[in-house]
Amino acid sequence: MRLRHLAVMVLALALVAAACGDGDTTTTTAGGSEDPLGVVEVQPGEAIQIRAHQAISGPAESLGIDQVRGVELAIADFGDIHGFPVDMGVAEDDLCSAEGGQAGAQAIVAQGNVVAVIGTTCSGAQRAAMPVYSAAGMVLFSGSNTAPDLTSDLQGTAGESFQPGYYRTAHNDLFQGAAVAKFVFDELGLTRAAAVHDGDPYTQGLANAFRSAFETLGGEVPVFTATSGTAGADQTALLTEIAGADVEVVFFPIFPGTGGPEIIQQKDGIAGLEDVVWFGADGLFVGDYISIPETEGMYFSGPDLDFGGNVSATGKNYAEMRAAYEAANGVVPPAPFHAHTYDATVLVLTAIREVGVVGDDGVLRIGRQALRDYLETVADFDGLIGKITCDEFGDCGSQRVQIAYHTDSSVTDISLTPVSASYTRADLIGIITGG
């Protein structure tokens, strides 16, 4: 396995170097097409290659598999492009880790003919993957990355991990953190909170966003700490620390595989936590987690799953897409981002259709910079999540966040969990910007 990864890495670096070129980066094909980042040629009889780079195993497995299914449905619904079928090949596993992000990106780039990638599932994987994809001139479009630093601070400043060629339909967690803070402060009337992350960029970024927004509203966060991030670990020391701070609510936006079950199951043995409110986020809002009896009474933040009458550019509404999902996979969606990933895939396929040109020789040519240019001008695009508009840093989400209140662990279909509040961009942007 190590030799395979080494070989893949060497080939990937060679391709990245080729994409970067020696200063004259414009690629001219036999058909006369030019593009500063290169042109992908699809020969007659071949398929357009896109790939999924998602968490197929590891702490976010439910989230990743859910999104792979979203990609598959979008490709089927979109159909051929200029007479060429679309092939997603074999999905790469991002493992919800930097290692999985980098190794998967290197493997996909090494294939040479992949036009775009739908992923990653986890923000931590994206941070390691995106430099590889960006240097190769490729597009990475995520339905579930939410860490603020991947795009911008929503005030015109690029995040420290922003890379050209990156886009997402998921919300920016500055909105999710503000939504939790607003609900806790305004609706629950609580003013002292603990925030717990697991060291992953997603969880740390969201915990930070909550702390900042909560303090802006007038709340206090006397405890900001991390779990070991290990499944099965004893969490009593962390819970004792929280109990000693006399907080009223604990926001722990982590994963089922990084301490989520242990925290909620071990809290009852700690004096001082009897009346504390427990609050998870979209990483924990999955069917397997809410089936744990001790999760009853928890709140969960995440993307607003009320898609109403929205109709995708494919002509499908969410009810139709969901019915197809269940028919194809025999299960209800276990996680909240399959619709966002469906939309991300449809946007990528639309961009390929709009910038791809079939020459007199029957070859389909797709410019890599042209693909990015198209995505950067998307406005009011019809998606299942609503009208989609992309900003200059790749934020394309509807920025709608809901707060769900979970009371019955026998109901594991997350779409049936009662919603206590929903927030739009307009409700939250003032908390984020101070305006």
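The rules we used
- Numbering of residues begins from 1 in every chain and follows the order in which that chain's sequence is written.
- The model is predicted, so local features are restricted to residues of pLDDT at least 70 and side-chain atom pairs to those at 80 or more, both for listing and for counting; the totals for chains, interfaces and linings are taken over all residues.
- No hydrogens and no water enter the side-chain calculation; it runs on all heavy atoms of the structure.
- Helix and strand definitions here come from DSSP, where helices need a minimum of 4 consecutive H or I residues and strands a minimum of 2 consecutive E residues; each element is numbered from the N-terminal end.
- Radius of gyration means the value over C-alpha atoms here, while the globule rule gives 2.2 Å times the residue count to the 0.38 power.
- Working definition: with a 1.4 Å probe on protein chains only, accessible area under 20% of the residue-type maximum means buried, over 50% means exposed, and in between means partly exposed.
- A contact between two residues is defined here by any heavy atoms of the two lying within 4.5 Å.
- Method for areas: the Shrake-Rupley scheme with a 1.4 Å probe, in which residue coverage is limited to the protein chains shown.
- All tallies of charge rest on Lys and Arg as positive and Asp and Glu as negative; His and the ends of each chain are not included.
- A single reference atom marks each charge: NZ on Lys, CZ on Arg, CG on Asp, CD on Glu.
- To estimate the expected span of a helix, subtract one from its residue number and multiply by 1.5 Å.
- Contacts described as polar in this section are N or O atom pairs within 3.5 Å, which, within protein, must combine one atom able to donate a hydrogen with one able to accept it, while residues neighboring in sequence count only if both atoms come from side chains.
- Within a predicted model, pLDDT stands for the predictor's per-residue confidence, ranging from 0 to 100.
- Nonpolar cores were defined as sets of buried Ala, Val, Leu, Ile, Met, Phe, Trp, Tyr and Cys residues, with membership established by side-chain atoms within 4.5 Å.
- DSSP bridges decide pairing: two strands pair if at least two such bridges lie between them.
- All axes here are fitted lines through C-alpha atoms, helices being fitted over the stretch that makes contact, and every angle between N-to-C directions spans 0 to 180 degrees.
- Disulfides are defined as pairs of cysteine sulfur atoms found within 2.5 Å of each other.

Time to look at the overall build of the protein chain. Secondary structure summary: the protein chain contains 13 helices and 20 strands in total. The globule rule puts the C-alpha radius of gyration for 435 residues at 22 Å, and the 22 Å found for the protein chain is close to it. Looking at the protein chain residue by residue over its 435 residues, the buried ones come to 56%. In the protein chain, the share of contacts with a sequence separation of at least 24, taken over all contacts with a separation of at least 6, comes to 74%. Total accessible area on the protein chain is roughly 15900 Å²; 50% of this is exposed by carbon and sulfur atoms. For the protein chain, the distance from the average position of its 19 positive side-chain charges to the average position of its 56 negative side-chain charges is 3 Å.

Here the focus is the side chain of T227. Within the fold, T227 resides in the loop between β11 (220-226) and α7 (236-243). Other than its neighbours up to four places away in sequence, T227 contacts V196, H197, D198, Q235, L238, I254, T258 and I263.

For helix α5 (residues 173-187), spanning 15 residues, the distance from its first C-alpha to its last is 20 Å, which sits close to the expected 21 Å at 1.5 Å a residue. Of all 15 residues that make up α5, eleven are buried, and the element is covered over most of its length. Within α5 the residues assigned to the buried category are D173, L174, F175, Q176, G177, A178, A179, V180, A181, F183 and V184. Capping the start of α5, N172 holds a side-chain oxygen 2.9 Å from the backbone nitrogen of L174, two or three residues further along. At the C-terminal side of α5, G189 shows a positive phi close to 70 degrees.

Mean pLDDT over the protein chain: 92, with 93% of residues reaching 70 or higher. Contacts of residues 1-25 to residues separated by more than four positions or lying in other chains number 24 contacts, the stretch itself having pLDDT below 50.

On to the nonpolar core, then. Side chains of a nonpolar character, in soluble globular proteins, are inclined to be buried together. Among the nonpolar cores identified, the biggest contains 117 residues, and I48, F252, W278, I352 and I366 are the most heavily contacted of them. Here this core gets ten residues from one element, more than from any other, and that element is helix α11 (residues 338-355). Non-local contacts of I352, meaning those with residues more than four positions away in its chain, are made with I48, I50, I81, V115, I366 and L371. The next biggest cluster of nonpolar side chains, apart from the first, holds 15 residues, and it includes V109, V114, Y133 and M138.

This paragraph deals with the sheet that holds strand β3 (residues 39-42). Ordered in space as β3-β16-β15, the three strands form an open sheet in which the pairing is antiparallel. The open sheet has two edge strands with one neighbour each: β3 and β15 (357-358). Across two bridges, the pairing between β15 and strand β16 (residues 364-367) is antiparallel. Across the sheet, residue V357 finds its bridge partner in β16, namely R365. Where helix α12 (residues 368-375) meets the sheet, it contacts β3 and β16, and its direction lies at approximately 65 degrees from that of β16.

Moving on, we come to the state of the cysteines. Inspection of every chain in the model, using the stated rule, returns two disulfides. The residue that forms a disulfide with C96 is C122, at a sulfur-sulfur distance of 2.1 Å. Its S-S torsion of about -100 degrees marks the bond between C96 and C122 as left-handed, since a negative value means left-handed. Placement of the pair is C96 in the loop between β6 (92-93) and α3 (98-109) and C122 in the loop between β7 (114-119) and α4 (123-135), with a sequence separation of 26 residues.

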